[in-house]
Amino acid sequence: GALDTIATIRSLPADPGPRNGAAYGWDDLSTNLKEIARLIRAGVGLRVATVDHGGWDTHNGQGAPESNGQLRSRAASLSTALQAFHQDLGGSVGVTVVCISEFGPTIHENGSGGTDHGRGSARPVMGGAIRAAAPEQREIAGERHPRTDQREIGTARTVGRRGSDREGLDAQ
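We now turn to the structure provided with this report. Because the structure is predicted, anything quoted here is derived from the model rather than measured.

Considerations on the side chain of serine 30
If you trace the backbone, serine 30 turns up in helix α2 (residues 28-42). If we ignore the near neighbours within four places in the chain, the residues touching serine 30 are Tyr24, Gly25 and Ala81.

Some remarks on the environment of threonine 8
Tracing the backbone through its elements, the reader meets threonine 8 in helix α1 (residues 2-10). Exposure remark for threonine 8: the relative accessible area of 35% places this residue in the partly exposed category. For the pair threonine 8 and glycine 45, spaced 37 residues apart in the sequence, the C-alpha separation amounts to 9.9 Å.

Observations concerning unusual backbone geometry
Although it is not a glycine, asparagine 20 sits at a positive phi angle of roughly 60°. By the secondary structure assignment, asparagine 20 is in the loop between α1 and α2.

Section: the pattern of salt bridges
Taken as a whole and judged by the stated rule, the model has three salt bridges. A salt bridge links glutamate 35 to arginine 38; its shortest N-O distance comes to 3.5 Å. Of this pair, glutamate 35 and arginine 38 both sit in helix α2, three residues apart, which is roughly one turn of the helix. For the salt bridge of aspartate 88 with arginine 41, the shortest nitrogen-to-oxygen distance reads 2.7 Å. Note that aspartate 88 is positioned in helix α3 (residues 70-88) and arginine 41 in helix α2, a separation of 47 residues in sequence.

Details of the environment of valine 125
One can find valine 125 in strand β2 (residues 125-127). Valine 125 sits 26 residues away from cysteine 99 along the chain, and the two C-alpha atoms are 6.3 Å apart.

What counts and how
- Starting afresh in each chain, residues are numbered from 1 along the sequence in its written order.
- Owing to the predicted nature of the model, reporting of local features is limited to residues with pLDDT of at least 70; listing and counting of side-chain atom pairs is limited to 80 or more, with chain, interface and lining totals taken over all residues.
- The side-chain quantities take in all heavy atoms of the structure and omit both hydrogens and water.
- Put simply, DSSP marks the helices as runs of H or I at least four residues long and the strands as runs of E at least two long, and each gets a number from the N terminus on.
- Contact definition: two residues touch when any of their heavy atoms are within 4.5 Å.
- Each residue is assigned to one of three classes by its accessible area relative to the maximum for its type, calculated with a 1.4 Å probe on protein chains only: buried under 20%, partly exposed between the two thresholds, exposed over 50%.
- In what follows, salt bridge is the name for a side-chain nitrogen of Lys or Arg lying within 4 Å of a carboxyl oxygen of Asp or Glu.

Set out below in structure tokens:
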């Protein structure tokens, strides 16, 4: 149970640090992914982990792609952390990362140099045996509206990774 897992984690030897030349950043996302990589390498039986990485709700000062605005800064932090995690684990095909945000921005900029809540968002997925698929969408009044339910993205990856069927997953 949970107490056995805690005891196992406490009994791990000192962390030798990232492997394969991985260079994590100093933000909390990098710190959390580095710890998750350590637990995966230690073989403690970790099957699912979640990490919160806020700051994506950019209603103002979002910045253009070529500027140093909030969005570029957050994307760079995410990129650095994911690249280090992937490298640390040696490109492990047994690990899947799904990034999901509750903030789906509008396509058009608002009056404060940011975006407001819209209906779509990127859902980056990283790992072995990932098949790319374009989400279904439709355009209504100049805005793109997704037809792919974000819950399906995570479920499809989990079902494929765990080798189970959807009914077994829904029952858990």
